[in-house]
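Results of the structural survey
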Amino acid sequence: MERAAVTVTIYDVAREAGVSMATVSRVVNNNPNVKPQTRKKVFEAIERLGYRPNAVARGLASKKTTTVGVVIPDISNSIFAEVARGIEDIANMYHYNIILCNADKKKEKEIRVINTLLEKQVDGLLFMGGVVTEDHIQAFRTSSVPVVLCGTKDEHQAMPSVDIDHEKAAFDAVNVLIAGGHRHIAMISGTLQDPANGFARYQGYRKALEAAGIPVRDEYVRIGNYRYESGIESTKYFLELDPRPTAIFSANDEMAIGAIHTIQDSGFKVPEDVAVISVDNIRMASMVRPTLTTVAQPMYDIGAVSMRLLTKLMNKEAMDYTQVTLPHEIIYRHSVAQS
């Protein structure tokens, strides 16, 4: 019959090391006011006994759990993995642990996950999502801990956030096509209810055409869902139009790759018959043939800066601003003809 495991307490460590429990507590909490020799003695006792500090008890005493909740829209999407890496690296630097929750881009699940993380007494919350609704804002407002929007914004930009200028990114991408002589430019958009990746990028597309004196044609815009399949469906529709678009701007790379494959499967060439440009710069953008010209978002930096902003809010540091806009960059590859 197996014996039940015996829980080693701070009292046991103190007795083993021949010091007070207060001294053990100072060592465990990295208090500098401990002599190196005493610190070494306590750590040796901890190792011999296999003592693990009770994080829950420490959190209750300090009113901090050193844990940050992160809501991610789609854990299978590599672009969010890059953001999460940036978050984790800065979290480790500031000695925070991460609870990562996948919300599948579903509002009900996002709200449920937010509330669950808050119930777990996280010290702060990072929200990566699409549409930030009033229900989201209400959940954030009832939180007693800071919240930072990561790679998205709320409609009124009232919440602290870190993102790029999505409208300008789209405007710059469409201008690459216009500079290449294209006048029949279609767009595979995200949902227009999404203020960042959807509506803002659509607005950038419209403004670029209008600035160049090119009419905005309703039939040249299709609403996708950011997935490869919707890039295929939208492009099949465009290729049946008369006149057929000579260029496609996609709201994200995954739909753009679907567009490239559909153009090729239909007997056309990229970029000779139809040029394709996009936004995001995921790894697949450099793997598809021809390689995809795209606007790169600094995804790692978005995650890292978001986490740093959150640490400042959690520590009540003085800040001049809480709305951070990071730069984007066009990565020229082969899906658009070089001028």
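That block above? That's the structure.
Presented here is an overview of the structure given in this document. In this convention, every chain numbers its residues from 1, walking through the sequence in written order. Whole-chain, interface and lining totals are the exception, using all residues; otherwise, since this is a predicted model, local features are given only for residues with pLDDT of at least 70 and side-chain atom pairs are given and counted only at 80 or more. To get the side-chain values, all heavy atoms of the structure are used, and hydrogens and water are removed first.

1. As for the pairing of strand β9 (residues 275–280)
- The buried label goes to any residue with under 20% of its type's maximum accessible area, the exposed label to any with over 50%, and the partly exposed label to all in between, with areas taken from a 1.4 Å probe on protein chains only. Labels follow the DSSP assignment, with helices taken as runs of H or I lasting at least four residues and strands as runs of E lasting at least two, numbered in each case from the N terminus. Among the 6 residues that make up β9, 6 are buried, leaving the element largely enclosed by the rest of the structure.
- Covered by surrounding structure in β9 are A275, I277 and V279 together with V276, S278 and D280, the residues of both alternating faces.
- Considered for its hand, the β-α-β crossover made up of strand β8 (residues 247–250), helix α11 (residues 253–265) and β9 is right-handed.
- When DSSP finds two or more bridges between two strands, those strands count as paired. Sheet analysis places β9 next to strand β10 (residues 293–296), joined by 4 bridges and oriented parallel. Residue pairing in the sheet places D280 in a bridge with A296 of β10. By the criterion used throughout, a crossover qualifies as right-handed when its path from the first strand across the helix to the second strand runs clockwise, the strands pointing away from the viewer.

2. Side note on the layout of surface pockets
- For the largest pocket, the calculated volume is near 800 Å³.
- Lining the largest pocket are 41 residues, with P73, F80, K105, N197 and Y226 positioned closest to its centre.
- If you list the elements that add at least two residues to the lining of the largest pocket, you get α5 (78–93), α6 (107–119), α9 (195–211), α11 and α12 (299–314).
- Among the elements that make up the lining of the largest pocket, the one with the highest residue count is α5 (4 residues).
- Note on residue categories: nonpolar means Ala, Val, Leu, Ile, Met, Phe, Trp, Tyr, Cys or Pro, charged means Asp, Glu, Lys or Arg, and polar means any other residue, Gly included. When its residues are assigned to classes, the lining of the largest pocket shows 14 nonpolar, 16 polar and 11 charged. With a 1 Å grid spanning the protein atoms alone, the term cavity applies to any set of points in which a 1.4 Å probe fits but cannot get out, the term pocket to an open set with protein on both sides within 12 Å along at least five of seven lines, and the term lining residue to any residue with an atom within 4 Å of a point. Grid points are joined across faces, edges and corners, and a volume is the space filled by probe spheres set on the points.

3. Some remarks on helix α2 (residues 21–28)
- Taken as a whole, α2 has its buried residues at T23, V24, V27 and V28. Summarising the axial view, the buried residues of α2 lie within an arc of 135°, below the 170-degree limit, and thus occupy one face.
- Phi turns positive, to about 60°, at N30, one or two residues after α2. Taking the helix axis as origin, the arc is that swept by the directions to the C-beta atoms.

4. Considering the packing of α5 against α12
- The contact between α5 and α12 brings their axes to 7 Å, and the two run at 40°. The orientation of α5 relative to α12 falls into the category oblique. Note that α5 runs across α12; the crossing there is right-handed. Along its contact with α5, which presents I79, E82, V83, R85, G86, I87, D89, I90 and A91, the element α12 presents M299, Y300, G303, A304, M307 and R308.
- In terms of residue class, the contact of α5 with α12 is built from 9 nonpolar, 2 polar and 4 charged. For helices, the fitted axis covers only the stretch in contact; all axes are lines through C-alpha atoms, and the angles between them, taken along N-to-C directions, range from 0 to 180 degrees. Every angle not falling under 35 degrees, over 145, or within 65 to 115 is termed oblique; those three ranges are roughly parallel, roughly antiparallel and roughly perpendicular. Rotating anticlockwise by less than a right angle from the far helix to the near helix defines a left-handed crossing, while the corresponding clockwise rotation defines a right-handed one. Contact criterion: two residues are considered in contact whenever any of their non-hydrogen atoms come within 4.5 Å of each other.

5. Looking at the nonpolar core
- Here the nonpolar core consists of buried residues drawn from Ala, Val, Leu, Ile, Met, Phe, Trp, Tyr and Cys, with membership extended through side-chain atoms lying within 4.5 Å. Counting 70 residues, the largest nonpolar core has Y205, F249 and M307 as the members making the most contacts within it.
- For every domain, the bounds stem from an assignment made automatically or drawn from a database. No fewer than three residues from each of domain 2 (67–164 + 299–327) and domain 3 (166–296) sit in this core.
- When neighbours within four sequence positions are excluded, M307 is seen to be in contact with V68, I87, I90, A91, Y96, L126 and M314.
- Listed in part, the 18 residues of the second largest apolar core include A103, I114, V122 and I137.

6. Re the side chain of S234
- Summarising the element assignment, S234 is placed in helix α10 (residues 228–239).
- Take S234: its relative accessible area is 4%, and that puts it in the buried class.
- Between N or O atoms, a polar contact is any pair within 3.5 Å; within protein, one atom must be a potential hydrogen donor and the other a potential acceptor, and residues adjacent in sequence are included only when both atoms are from side chains. Reaching out from S234, the side chain makes a polar contact with the backbone oxygen of S230 at a distance of 2.9 Å.
- For S234, the contacting residues outside a window of four places in its chain are I188 and R222.

7. Looking at empty space enclosed by the protein
- If you walk through the whole model with that rule in mind, you get 1 cavity of 30 Å³ or more.
- By volume, the largest cavity amounts to about 30 Å³.
- Of the residues in the lining of the largest cavity, the class split is 7 nonpolar, 1 polar and 2 charged.

8. Topic: the side chain of D154
- With respect to the helices and strands, D154 occurs in the loop between β4 (147–150) and β5 (161–164).
- Charge assignment in this entry is limited to Lys and Arg as positive and Asp and Glu as negative, and neither His nor the chain termini are counted. We define a salt bridge as a contact between a side-chain nitrogen of Lys or Arg and a carboxyl oxygen of Asp or Glu at a distance within 4 Å. Of the side chains with opposite charge, R141 comes closest to the buried, unpaired D154, at an N-O distance of 7.0 Å.
- A distance of 2.9 Å separates a polar atom in the side chain of D154 from the backbone nitrogen of A158.
- Polar side-chain contacts of D154 include one of 3.1 Å to the backbone nitrogen of M159.
- With residues up to four places along the chain from it excluded, the contact list for D154 reads V132, I137, L149 and M159.

9. Re unusual backbone geometry
- Here the amide bond leading from V270 into P271 is cis, since omega sits at 5°, within 30 degrees of zero.
- For P271, the position within the fold is in the loop between α11 and β9.
- Between R289 and P290 the backbone carries a cis peptide bond, its omega angle lying at -5°.
- Structurally, the position occupied by P290 is in the loop between β9 and β10.
- One non-glycine residue, H95, lies in positive phi territory at about 65°.
- As for its placement among the helices and strands, H95 is situated in the loop between α5 and β2 (97–102).
- Among the residues examined, H95 registers a relative accessible area of 65% and is labelled exposed.
- You will see that N281, though not glycine, has its phi angle at about 65°, which is positive.

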